[in-house]
Amino acid sequence: MESVKVVIVGGGAAGLAAAKTLSPDVNYLLIEAQDYIGGRIRTVDAAPDAVVDLGAQFIHGKTNNRVYEICKQLDCIMALSSVNNEETIAIRSDRTRLNPEIVDTVQTVWEEFAKEAQSKFGDVTIPTDNSFYDYLIENFKPLFLSALPSCEHLLDEFIDYFDKAELVENGCSSLATLSLAEYGSYEYLEGLMEYELKNGGYRPFISYLKSFIPDDNRIRLNSEVVRVKYLNDTHQLQVETRNHNIKSEHEQEISTILCDHIVWTSSLGYLKENFSSIFADEIELIEQKQDAINRLGFDTINKTVLIYEKRFWPDGVGKIMLLDRQKQKSIEFSDSLKTLIKIEHIDERVVSTIIEAVHRYDELRSTNVPILICWFGGSAALLIEDINENIIGQICHEVLCHYLNLSSKSNKLNRVLKSEWHKNRFIRGSYSYYSIKSSAKAGEQLRTAYEPDGIPRILFAGEATHENGYSTVHGALESGIREGNRLLSILNE
Ligand SMILES: Cc1cc2nc3c(=O)[nH]c(=O)nc-3n(C[C@H](O)[C@H](O)[C@H](O)COP(=O)(O)OP(=O)(O)OC[C@H]3O[C@@H](n4cnc5c(N)ncnc54)[C@H](O)[C@@H]3O)c2cc1C
């Protein structure tokens, strides 16, 4: 039977960072269920000379951010001069464009409001089931009205906009499930909230991490760890894997590997679905973690990428915000889109939910190919996974053209891509958050190692295990380094 010292489960940022930290001197094997390395970092070619990240796209913050440091060294971060001079515009469904000063002021008010919400972290008087939504409804209005006393008529539209934007930001299905008390547990690193990457996206970063893994069969793709059992007599772990890519009759579907330690890095979404079956033999481990896995939040956000023949949105505009809660009432789709919706039997309510969810278009500034990214959170993020990408793309396109008062026919969509992070059964969503049912204790339970014989045998990494950088690439990377170092200190004892 195959035997190694360490099995690393998962080839995302956390698994790759664990492998790099261990170094090739340790006899490890990295097992990845899918046919690519990167996990929720998924960089694809969208057009000749244009790549797009369907998963992680930005670097959040600069100071003490190892991802920023690596990408800086790889020279793959876009210069600020090339992104700073682009404007954000906000348009209402009656096609009026808001005065840029109002947009700037509202954004400042939102930042102030979010800071106030963050300051509730550690305040023991906040009931654990208080949601971010309750706080938003009670506290945003006074701040908004004191900054913009003559704009009360815009208040509901902006609350609605920020509600949708926060769903995407936090990866939660509703702000009513996002914990207020833990909202501030996420640490914003100094620097910009969103550093953009050059054309190539996160690809150089993944190649860099992979370059530390020797080309000697240390990575096994298409192989899912389906069962783990601790063997009392030998103090080893028996790891059963299922091969998802059997090419010849000599290859087995199920293989068994023995190892002394595991670094487990799969997403919280995957754990929610599979934890109790994979570790069915380890009752103590299930008692240690199942509750935390159930309570911590993990829902879905998705992107639709619109690739155009030529740019048609206003010059100098990098982000477009759409306002108006009732926008579907005023939009008349083209006959061809109506026919497509009919042929595919897409329910009217589904179409309405999708139109309602459209709120933000970002220009991809790393390429000269005209590309817009449209973000979906909440229930719409799940709905778009089941609809043909050309229909979703055309809906996003026609909504935008309606707001810009332009003909949708004269601006041709060349190609549409969309992410499907929930459908991916090895991920099952986007990233973790603290739900109103969870607290810091749940996070701690998730990252605690399993020590059936007093020695850490199964170590847990991955973005959801990071104390204050969860939901990010830097959190994932650091968690892999953390567990790699923990393991090294055990191996060196
Ligand atoms: C749409 C979207 C946008 C995002 N935007 C950003 C952003 O702009 N900036 C940012 O910092 N972060 C962003 N993130 C979050 C970021 O992508 C993740 O936090 C990070 O990539 C997670 O890395 P990880 O190694 O913890 O997990 P993953 O990348 O999920 O890696 C885990 C790996 O384990 C594999 N696996 C699971 N189960 C098994 C098994 N049983 N056996 C073998 N292999 C298994 C999976 O296939 C996967 O490859 C975004 C995520 C999404 C989905």
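Since we're looking at a predicted model, the values are computed, not measured. (Residues numbered from 1 in each chain as written. Predicted model: local features only at pLDDT ≥ 70, side-chain atom pairs only at ≥ 80, totals over all residues.)

What to know about the overall build of the protein chain
Here is step 1 of the chain: Of the regular secondary structure elements, the protein chain holds 15 helices and 21 strands.
Here is step 2 of the chain: What you see for the protein chain is a C-alpha radius of gyration of 24 Å, in line with the 23 Å of a compact globule of 493 residues.
Here is step 3 of the chain: Referenced to the eigenvectors of the C-alpha coordinate spread, the extents of the protein chain come out at roughly 75 × 55 × 45 Å.
Here is step 4 of the chain: Within the protein chain, the proportion of its 493 residues that are buried is 43%.
Here is step 5 of the chain: For the protein chain, the proportion of contacts with a sequence separation of at least 24, taken over those separated by at least 6, is 76%. (Helix = DSSP H or I, 4+ residues; strand = E, 2+ residues; numbered from the N terminus. Rg over C-alpha atoms; globule rule 2.2 N^0.38 Å. Buried ≥ 20, exposed ≤ 12 C-beta atoms within 10 Å, placed from the backbone. Contact = placed C-beta atoms within 7 Å.)

Here's the deal with the site of the ligand
Here is step 1 of the chain: In the region of the ligand, 39 residues are neighbours, and Gly10, Gly12, Gly39, Ala56 and Ala476 sit closest.
Here is step 2 of the chain: Looking at the shell around the ligand, the elements with two or more residues in it are helix H1 (13-22), strand E10 (223-231) and helix H15 (473-491).
Here is step 3 of the chain: Sort the elements by how many residues they give to the shell around the ligand and H1 lands first, with 3 residues.
Here is step 4 of the chain: Considering only residue class, the shell around the ligand consists of 17 nonpolar, 17 polar and 5 charged. (Near = placed C-beta within 6 Å. Nonpolar A, V, L, I, M, F, W, Y, C, P; charged D, E, K, R; others polar.)

Re the environment of Tyr208
Here is step 1 of the chain: Here Tyr208 shows up in helix H7 (residues 203-210).
Here is step 2 of the chain: Taking the C-alpha atoms as reference points, Tyr208 and Leu16, separated by 192 residues in sequence, lie 9.8 Å from one another.
Here is step 3 of the chain: Ignoring sequence-local partners within four residues, the contact set of Tyr208 consists of Ile70 and Leu74.

Considerations on the nonpolar core
Here is step 1 of the chain: Counting residues in each nonpolar core, the largest one holds 126 residues, and the members touching the most others are Val7, Ile8, Ile262, Val263, Leu296, Ile371 and Leu459.
Here is step 2 of the chain: With 7 residues, the single largest contributor to this core is H1.
Here is step 3 of the chain: Split by domain, the residues of this core number at least three in each of domain 1 (2-41 + 201-298 + 431-491) and domain 2 (98-185).
Here is step 4 of the chain: Contacts of Val263, omitting those with residues within four sequence positions, involve Val6, Ile8, Val9, Ala18, Leu459, Ala461, Glu483 and Leu487. (Core = buried A, V, L, I, M, F, W, Y, C linked by C-beta atoms within 7 Å. Domains from an automatic or database assignment.)

Focus: helix H2 (residues 66-73)
Here is step 1 of the chain: Among all positions in H2, only Val67, Tyr68 and Cys71 are buried. Viewed end-on, H2 has its buried residues packed into an arc of 100°, placing them on one side of the element.
Here is step 2 of the chain: Packed against the buried residues of H2 are strand E6 (58-59), strand E8 (195-196), H7 and H15.
Here is step 3 of the chain: Phi turns positive one or two residues past the end of H2, at Asp75, with a value near 55°. (Arc of directions from axis to C-beta.)

A word on the environment of Thr125
Here is step 1 of the chain: Along the chain, Thr125 turns up in the loop between helix H4 (100-118) and helix H5 (132-147).
Here is step 2 of the chain: C-alpha of Thr125 to C-alpha of Cys172: the two residues are 47 residues apart in sequence and 24 Å apart in space.

Comments concerning the domain arrangement of the protein chain
Here is step 1 of the chain: Its domain assignment divides the protein chain into domain 1 (2-41 + 201-298 + 431-491) and domain 2 (98-185).
Here is step 2 of the chain: Here the C-alpha centroids of domain 1 and domain 2 sit 35 Å apart.
Here is step 3 of the chain: At the interface, 11 residues of domain 1 touch 11 residues of domain 2.
Here is step 4 of the chain: Here the side of domain 1 that touches domain 2 is composed, by residue class, of 5 nonpolar, 6 polar and no charged.

Examining helix H14 (residues 440-447)
Here is step 1 of the chain: Three or more residues of H14 are buried, namely Ala442, Gly443 and Leu446. Viewed end-on, H14 has its buried residues packed into an arc of 100°, placing them on one side of the element. In H14, those exposed residues whose orientation departs by more than 90 degrees from the buried face are Lys441 and Glu444.
Here is step 2 of the chain: Residues of H14 that are buried sit in contact with helix H9 (283-295) and strand E21 (458-460).

Some thoughts on the pairing of strand E16 (residues 317-322)
Here is step 1 of the chain: Strand direction decides the pairing type here: strand E7 (residues 87-91) and E16, joined by 5 bridges, are parallel. When the sheet's bridge partners are listed, Glu87 is paired in E16 with Val317.
Here is step 2 of the chain: When E16 meets strand E17 (residues 360-363), the two strands line up antiparallel, connected through 3 bridges. Looking at the pairing, Met321 lines up with Arg360 of E17. (Pairing = 2+ DSSP bridges.)

Some points on the sheet that holds E10
Here is step 1 of the chain: Ordered by their spatial adjacency, 4 strands build an open sheet running E1-E12-E11-E10, and the pairing between neighbours is mixed. If you trace the sheet from one side to the other, it starts and ends with strand E1 (2-3) and E10, each paired once.
Here is step 2 of the chain: Here 8 bridges tie E10 to strand E11 (residues 236-243), and the two strands are oriented antiparallel to one another. Following the sheet pairing, Val228 is matched in E11 by Val239.

Observations concerning the packing of H4 against H5
Here is step 1 of the chain: As a packed pair, H4 and H5 sit with axes 10 Å apart at the nearest point and diverge in direction by 135°. Relative to H5, the element H4 is oriented oblique. The crossing of H4 and H5 is right-handed. Contacts from Thr105, Val109, Glu112, Phe113, Glu116 and Ala117 in H4 reach Phe132, Tyr135, Asn139, Phe140, Leu143, Phe144 and Ala147 in H5.
Here is step 2 of the chain: Residues of the contact of H4 with H5, tallied by class, amount to 9 nonpolar, 2 polar and 2 charged. (Axes fitted to C-alpha atoms, helices over the stretch in contact; angles between N-to-C directions. Parallel < 35°, antiparallel > 145°, perpendicular 65-115°, else oblique. Left-handed = near helix turned anticlockwise from the far one by under 90°.)

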